[in-house]
Amino acid sequence: MADCCTPRKKLCWCVLLFFLVAGITGGAIGIYKWHYSGLNRWHGEGSTADFQKIIQERCDTYTQTIRPGSRSRNCQAIRQAFMSAFISKDPCKATKEDYNSLINLAPPTVPCGQQVFWSKTKELAHEYAKRRHLMTLEDTLLGYLADGLRWCGEPGSSDLNIWSCPDWRKDCRTNYLSVFWEVLSERTIPWMEEPGGLQSMGSQSRTRLSDFTGTGMLRCVKPTQHCKAVILQLKILK
């Protein structure tokens, strides 16, 4: 027993313990850096903090206060369908079909002829719509839920990526944020079952006609029906 407690053996045990702890710590740090570098590889901002909570609270507010006529909408099912659309999937391989379940739970209903689309003129477009009793995509239930938020996941993970999400220009166009707004704008137009029109607003210096026509935003539901589109281009004076 005396040999087991000699100073030399104590020193050996201490050195061995030191290297063991150092190895475990170094490995943990290495794994963390590897994991972090993978989550931080995109050029866009990461998912909005408390994304699910915000979606749920906004849905409750919209259906109970802003549009009481929408109370029949199941906010919990909508939140779950929203998450299921992109979670655990490649953030650069979004498809329009991924959002089918979500759209079916809350189809974007906008009265005929009251749609206002915008490009790079959000605040002005919303003020314009408010004064003329029109509606933007952000005035629909799903648009209201997603307004100003960011979201993306990672393959095989049930968590949102809070570190980074794909940028539309620098990473990929088929990211879940861009595809969501494209689907929502396209699904809004079919509700124009009667002859009517829509209005679009864009900055003269930064907006091209293709910003609206290229997304299928300006189109008639029926080839034979009269369809009017008013495009307002604004010149920003500095």
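Residues numbered from 1 in each chain as written. Predicted model: local features only at pLDDT ≥ 70, side-chain atom pairs only at ≥ 80, totals over all residues. Heavy atoms only, no water.

1. Focus: the overall build of the protein chain
Turning to step 1, where the next piece is worked out: In terms of regular secondary structure, the protein chain is built from 8 helices and 5 strands.
Turning to step 2, where the next piece is worked out: The 238 residues of the protein chain split such that 35% are buried.
Turning to step 3, where the next piece is worked out: The long-range share in the protein chain, meaning contacts at least 24 apart out of those at least 6 apart in sequence, stands at 77%.
Turning to step 4, where the next piece is worked out: Of the roughly 14600 Å² that the protein chain leaves accessible, carbon and sulfur atoms contribute 56%. (Helix = DSSP H or I, 4+ residues; strand = E, 2+ residues; numbered from the N terminus. Buried < 20%, exposed > 50% of the residue type's maximum accessible area, 1.4 Å probe, protein only. Contact = heavy atoms within 4.5 Å. Areas by Shrake-Rupley, 256 points an atom, 1.4 Å probe, with all protein chains shown as cover.)

2. Digging into helix H5 (residues 122-131)
Turning to step 1, where the next piece is worked out: Residues Ala125, Tyr128 and Ala129 constitute the buried set of H5. Burial along H5 is one-sided: seen end-on, the buried residues are contained in an arc of 95°. Opposite the buried face of H5, at more than 90 degrees from it, the exposed residues are Glu123, Lys130 and Arg131.
Turning to step 2, where the next piece is worked out: Backbone geometry just downstream of H5 places histidine 133 in the positive-phi region, at approximately 60°. (Arc of directions from axis to C-beta.)

3. Some remarks on the packing of aromatic side chains
Turning to step 1, where the next piece is worked out: The final tally for this structure, using the stated rule, is 11 aromatic pairs.
Turning to step 2, where the next piece is worked out: With a centroid separation of 5.7 Å and an interplanar angle of 40°, the aromatic rings of phenylalanine 51 and tryptophan 151 are classed as tilted. Taken together, the residues phenylalanine 51 in helix H2 (residues 51-66) and tryptophan 151 in the loop between helix H6 (141-146) and strand S3 (164-165) connect sequence positions 100 residues apart.
Turning to step 3, where the next piece is worked out: What makes phenylalanine 51 buried here is its relative accessible area of 3%.
Turning to step 4, where the next piece is worked out: Seen from their ring centres, phenylalanine 86 and tyrosine 176 are 6.4 Å apart, and the 50° between their planes marks the pair as tilted. Of this pair, phenylalanine 86 sits in helix H3 (residues 75-86) while tyrosine 176 sits in helix H7 (residues 176-188); the two residues are 90 residues apart in sequence, bridging distant segments of the chain. (Phe/Tyr/Trp six-rings, centres within 6.5 Å; stacked < 30°, edge-to-face > 60°.)

4. A word on empty space enclosed by the protein
Empty space among the atoms can be located by rolling a probe the size of a water molecule over them.
Turning to step 1, where the next piece is worked out: As enumerated under the stated definition, the model contains 1 cavity of 30 Å³ or more in all.
Turning to step 2, where the next piece is worked out: Estimates place the volume of the largest cavity at around 50 Å³.
Turning to step 3, where the next piece is worked out: In terms of lining, the largest cavity is formed by Pro91, Arg150, Trp151, Cys152, Cys165, Pro166, Asn175, Tyr176 and Leu177.
Turning to step 4, where the next piece is worked out: The residue inventory of the lining of the largest cavity, partitioned by class, reads 7 nonpolar, 1 polar and 1 charged. (1 Å grid on protein atoms, 1.4 Å probe; cavity = no way out; pocket = protein on both sides within 12 Å on 5 of 7 lines; lining within 4 Å. Points joined across faces, edges and corners; volume = space filled by probe spheres on them. Nonpolar A, V, L, I, M, F, W, Y, C, P; charged D, E, K, R; others polar.)

5. What about the state of the cysteines?
Turning to step 1, where the next piece is worked out: Within the structure shown, the criterion is met by 3 disulfides.
Turning to step 2, where the next piece is worked out: The disulfide partner of cysteine 92 is cysteine 172, and the S-S distance across this bridge is 1.9 Å. Here cysteine 92 and cysteine 172 share a disulfide; its torsion about the S-S bond, -90°, makes the bridge left-handed. With cysteine 92 in the loop between H3 and helix H4 (100-105) and cysteine 172 in the loop between S3 and H7, this pair connects stretches of sequence that are 80 residues apart. In terms of burial, cysteine 92 and cysteine 172 fall into one category: buried.
Turning to step 3, where the next piece is worked out: When the cysteines of the protein chain that form disulfides are numbered from the N-terminus onward, they connect as 1-2, 3-6, 4-5. (Disulfide = S-S within 2.5 Å.)

The values are spatial; any link to function lies outside them.
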